[in-house]
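Next come the chains, spelled out residue by residue.
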Amino acid sequence: MKPGKVVASFDSATGMLRALSRFLRGRDVPLIGQGPAAMEPLASALLGAANRLPRRLQERAYAASGWAEAVPGHKVGGIRSEELARWVTGHYPRRRSQVAFVGSANGALTHLCAALAAPWLPQTLLIPVRRRGVHPDEPREDLRHTRAAGQALLSANPDLVLHHMHDANQDRLMIAGMTYFRIKWRRLPAAYRRYLEENLAPGGTLVVSDCGLRWPVTEAGPRHVFQHGALGGATPQEYQDGGSRVADYLRRYGSPHRRWDYPPADGERPEAEWGFEPGLLPDLQELAVRNGWRLVRMSFAEPEHLSPVVADLYREWYRRRGLPADRLLAECFLLLEPWWTLRSGSVPYWMVFNTEPSLASLTGYLDGTDPFEEIRLLLFSHGVDSVGLATIERWREMLARASKVGVFTGVDTRAYPRDFASLARAHRELARIRATVPMPLPMDWPTAEKFLADRDELHWDTEDHGNTSA
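The numbering scheme is per chain: residues are counted from 1 as the chain's sequence reads. Only residues with pLDDT of 70 or above have their local features reported here, since the model is predicted, and side-chain atom pairs are shown and tallied only from 80 upward, although totals for entire chains, interfaces and linings are computed over all residues. The side-chain figures draw on all heavy atoms in the structure; neither hydrogens nor water molecules are used.

Undergrad: Describe the overall build of the protein chain, with residues and values.
TA: What the protein chain contains, in helices and strands, is 16 helices and 15 strands. For 470 residues, the compact-globule estimate of 2.2 N^0.38 gives 23 Å, and the protein chain sits close to it at 21 Å. Here the C-alpha coordinates of the protein chain stretch approximately 60 × 55 × 40 Å along the principal axes. Whether a residue is buried, partly exposed or exposed follows from its accessible area with a 1.4 Å probe, protein chains only, as a fraction of its type maximum: under 20%, in between, or over 50%, in that order. Counting across all 470 residues of the protein chain, residues that qualify as buried make up 62%. Using the Shrake-Rupley algorithm and a 1.4 Å probe, accessible areas are obtained, with residue cover drawn only from the displayed protein chains. Summing over all exposed atoms, the protein chain offers an accessible surface of approximately 17600 Å²; the carbon and sulfur share of this is 52%. In DSSP terms, a helix is any run of H or I states spanning at least four residues, a strand is any run of E spanning at least two, and both are numbered starting from the N terminus. For a compact globule the rule gives 2.2 Å times the number of residues to the power 0.38, and the radius of gyration it is set against comes from C-alpha atoms.

Written out as C-alpha cells, the structure is:
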C-alpha cells in the first residue's frame, strides 16, 4: 500500500509535517491540516455543505470521511515502516541546515522549526484501521477485534512499538468504524538516517523533541500496548472510573453505558499521540557520534509546556527586528499555519485541543505576559460535545483580553464543535489580514538555543561529540 494512503491525514503529526514542509518550500497551507492544496476548492465546497446538514447527518458524514482513509484490517500486515519513513522525508526539500529535530509532535515545535528553517522528523504516526461491530463505549471489544491486526503489523515491522488508542470522548465519531494504531519507531529508520546525513551540516545540532507525558496502558503483547483515553478534556481518572461528567456525556449520546468498559491498566507508557519513546535514543546518539553532531535532548513534561516558550521567543525576535509584537495567533491541534504566522507578524501560541485545560493554559499565558492588541483564534472542530469541551462563550471571554481586536478566525460559532468547514475557512481569513511584514531570514540557532535552554519549562541536555566524522 502507498504510505500516503496508510497514514491518517487528520492526525496531528501529519498536519504538522505538512504545514512545516510546505513552509520550507515557501508555501502556505490552503486547506489547513488536510490534503493536497489542489483539492481546496472541492474540499471547501464539500465541507461547507456538511455544515448545513442536520446534526445526525453531519456526524455520519464526518465519520465516513475518516473511515474512507482507514486501512482494511487484513492489509495491515503489508505495511512497511521503512516506506512510511521515506514518505515522511519525501515531504522536505533537500538543503543543508544547522539544526534538525526528531521526536514528539508538537505545534509549538512546528513554529520553532519554521523560524529556524529546520526540518522535523516525527517518531509517531497514526494508522487508522477499519473495523466494524464495536460500540464506541466498549474499548475492551475494540482491543479484542483488532489484536490480530496489531500483531500482524508488529511481526512485519520489528522496529516499531504499537500504541493502540481508543478515545470514546474526543474521537467518538471517528472510532465508530475504525480504530487508531499509533506507531512509534524504537529504532531509527534508514530513510531518517539518510536524510539527516545528507541535510544536517557538519558540526550541526540534532535536537530530540522529548515530551515526557505518560498514560495508563494495558500490555497487549510484545511491543503492543492499549491506551484507553487520551490527553484532552477528561482526566485519566475519569476514563478509568467514570464520574458525573462521563455519565452525563454518555447519556446525552444515547449510550447504554454510564462508564467505559476497558481492559484494566497494568502500567504506564509514553502517551500514544504526544509522548516520546526513549528506545529511539541510542540510535540517535550513535548517529550523532558518527557524524560529529551535537545531540540535544529538549525535554518537557506536557505538550503545551513548549507553547509559552516559543511564543516568547517569537516576541523577542520580532522586537529585535524592530517589529510590533502585539498580535497573537492562538492555534488548536492541527490547525496551524507557520507561513501566515510569520507573514502577518503574529506570535504563535499552540493548544493541544479545544478543551478547558488548553483554554486555561492560554489564559495563564496571557495573565503573565504583556498585553496583546490583537488576538485571533483558530478552533478545531471534532464534531462532539465531549467531556471538558470549552464552550464558545468561554473562548469569547478569552478573546476579550485583546485591547483592540479579539476575533474568531475561520470559526462558525453557531456550528462549533461541528464546524467542519473551518479547515478551509481559517486559511482564507488568515490571508485577509491587512498588515503584513516581509518574510524574515531564518532565526540564528545559537541565539534560539540560549533562549530555550534558559527556560524553566524545558530541560536541556547536551552531548557535544565534536567533529569526529570520517
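Alright, that's what it looks like, and here's the rest.
Undergrad: Lay out empty space enclosed by the protein in plain terms, naming residues and giving numbers.
TA: Lining residues are those with an atom within 4 Å of a point, where the points come from a 1 Å grid over the protein atoms alone and group into cavities, where a 1.4 Å probe fits but cannot get out, or pockets, open sets with protein on both sides within 12 Å along at least five of seven lines. Grid points are joined across faces, edges and corners, and a volume is the space filled by probe spheres set on the points. Counted under the stated rule, the structure contains 3 cavities of 30 Å³ or more. The volume enclosed by the largest cavity comes to roughly 260 Å³. Taken together, 22 residues make up the lining of the largest cavity; nearest its centre are D171, Y180, E273, F333 and F353. For the lining of the largest cavity, the residue count by class is 14 nonpolar, 2 polar and 6 charged. Estimates place the volume of the second largest cavity at around 90 Å³. Taken together, W215, P216, T218, F226, H228, P236, Y239, Q240, Y262, P263 and A265 form the lining of the second largest cavity. Those elements giving two or more residues to the lining of the second largest cavity turn out to be β7 (214-221), β8 (224-228) and α8 (236-241). Broken down by class, the residue content of the lining of the second largest cavity amounts to 8 nonpolar, 3 polar and no charged. Ten residue types, Ala, Val, Leu, Ile, Met, Phe, Trp, Tyr, Cys and Pro, are classed as nonpolar, four, Asp, Glu, Lys and Arg, as charged, and the remainder, Gly among them, as polar.

Undergrad: Give me the lowdown on the confidence of the model for the protein chain, citing residues and values where you can.
TA: Counting all residues, the mean pLDDT for the protein chain is 93, and 93% of those residues have values of 70 or more. At the low end of the mean pLDDT range in the protein chain sits helix α2 (residues 40-51), at 50; at the high end sits strand β2 (residues 120-122), at 99. Per-residue confidence from the predictor is reported as pLDDT, which spans 0 to 100. In what follows, residue pairs with any heavy atoms lying within 4.5 Å of each other are defined as contacts. Predicted confidence for residues 35-46 stays below pLDDT 50, and this span has 11 contacts to residues more than four positions away or in other chains.

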